[in-house]
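Chain by chain, the residues run as shown.
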Amino acid sequence: MPASKTAVAEYMKIRRYVLNLIMKSGNESVQLPTAQELAKLFGVCRQTVGKSLKQLAEENYVIGKPGLGTFTNPKKQFRFESRRNRPNIGIIVGDGMIIEMDEFLARTVAACLVEVAVYPAYVRSINLTSTKPDVVFKELKNEFLDGLIWQNPPLEFQPLLKKIRENGIAVVVIGGSSHRNAVPSVDFDLSALGYAYGKRLLEMGKRNLLYLRDERPWNFPADGIRKAYREAGVSLNEKLFLNGVDTLAKVKMIFELGVPVDAIVNALYSYEDLALVAQQTDFDLGRMFHVCWESVAAKFPVFHGISHSYDFTAMAKTAVALLRRQLEEKDRTIHSELVPLQLHEVG
């Protein structure tokens, strides 16, 4: 990264740190760490710190007092006094460095933003600059958070999540099946969804299921489907439970070879993804029985199958409720909640 871009990034870190400190301190003027301490905290040279503080002083966010140090300016506090005691809640998606969201992520985050604000609390979207746990921990400490909602954090961050919680920040993981029993979490009950799908598919005589895609996190429904078929004593063709980055290429081959398929259980791909493969192979996608999210089903010109819906608001409300237990009741119990899903038969 060019030096100029690095300097800008470091300046923004220091600026965000100071603004967060102002918001957290309310009417109190708080002394900042020394330039040397800030340089160590952010891993930058003192010259970068000096330029950052100079800019903040010119904007009246900080006040320099000769012989004493640099202090925050409480007059730059823009929160109404009656609202200053509201908790600060951060929201992180994935590894904290994603640059775009699909519909599922966007609707999850949007619901969380609304429900946290209604709590009431102040909510902020947090972007991280590293995947190193010690760096991430330092960045989050500098946010002065009271609580954190983290959507589907990397599995290797589990010790980090525990450390964050042990340091007084309430933590809730969304999409937390992999973190269950480690920190409070909430997830859609995808295994129960798969079981319900499996029972219905069995009733309809569907035996050859093409499952997309059989790896975490998209194969939680597959667990339920397998359970339903196992209980019924019906064997599944595991070769049709596809995984890997070349899954769509495998689907194309299955279409070309005419492998018997009774239903496509699609946990990941869009209609456009499947339509492109079908077009390349002259496969009639419209005649196939489909199992998928209702948003995907809605894209089909004519949909034949079963779909399900996600209650994003219920998910977000549950996450906020878990935060409140920690913040208001000082509840240290690790609660894991599951939000049910509803099936819709289209035809």
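Residues numbered from 1 in each chain as written. Predicted model: local features only at pLDDT ≥ 70, side-chain atom pairs only at ≥ 80, totals over all residues. Heavy atoms only, no water.

Quick look at the sheet that holds strand E10 (residues 263-266)
The strand order across the open sheet built from six strands is E9-E8-E10-E11-E12-E14, with neighbouring strands paired in mixed fashion. In this open sheet, the two strands that pair with only one neighbour each are strand E9 (241-242) and strand E14 (342-345). As paired elements, strand E12 (residues 305-309) and E14 share four bridges and run antiparallel to each other. Paired with Ile306 across the bridge in E14 is Glu345. (Pairing = 2+ DSSP bridges. Helix = DSSP H or I, 4+ residues; strand = E, 2+ residues; numbered from the N terminus.)

Comments concerning the confidence of the model for the protein
Residue-level pLDDT values for the protein average 91, and 95% of them are 70 or greater. Low pLDDT, under 50, characterises residues 1-5; the predicted model gives this stretch one contact beyond four residues in sequence or across chains. (pLDDT = per-residue confidence, 0-100. Contact = heavy atoms within 4.5 Å.)

So, the side chain of Glu115
Relative to the assigned elements, Glu115 resides in helix H4 (residues 103-118). For Glu115, a relative accessible area of 14% gives the class buried. (Buried < 20%, exposed > 50% of the residue type's maximum accessible area, 1.4 Å probe, protein only.)

As for the nonpolar core
Of all hydrophobic cores here, the largest spans 68 residues; its most connected members are Ile149, Leu210 and Leu285. With eight residues, helix H12 (residues 312-328) is the largest single contributor of residues to this core. Excluding residues within four positions of it along the chain, Leu285 makes contact with Phe255, Ile264, Tyr271, Leu274, Ala275, Ala278, His290 and Phe300. Counting 17 residues, the second-largest nonpolar core is a separate cluster that includes Phe137, Leu148, Leu160 and Leu161. (Core = buried A, V, L, I, M, F, W, Y, C linked by side-chain atoms within 4.5 Å.)

Details of unusual backbone geometry
Here Tyr119 and Pro120 are connected by a cis peptide whose omega angle stands at 10°. Its place among the elements puts Pro120 in the loop between H4 and strand E4 (122-125). Even without a glycine there, the phi angle at Lys330 is positive, about 55°.

Regarding the pairing of strand E1 (residues 62-65)
Inspection of the sheet shows E1 paired to strand E2 (residues 69-72) by four bridges, in the antiparallel sense. Within E2, the residue paired with Val62 across the bridge is Thr72. As consecutive antiparallel partners, E1 and E2 are separated by three residues, and within that stretch Gly67 has a phi angle of approximately 85°, a positive value.

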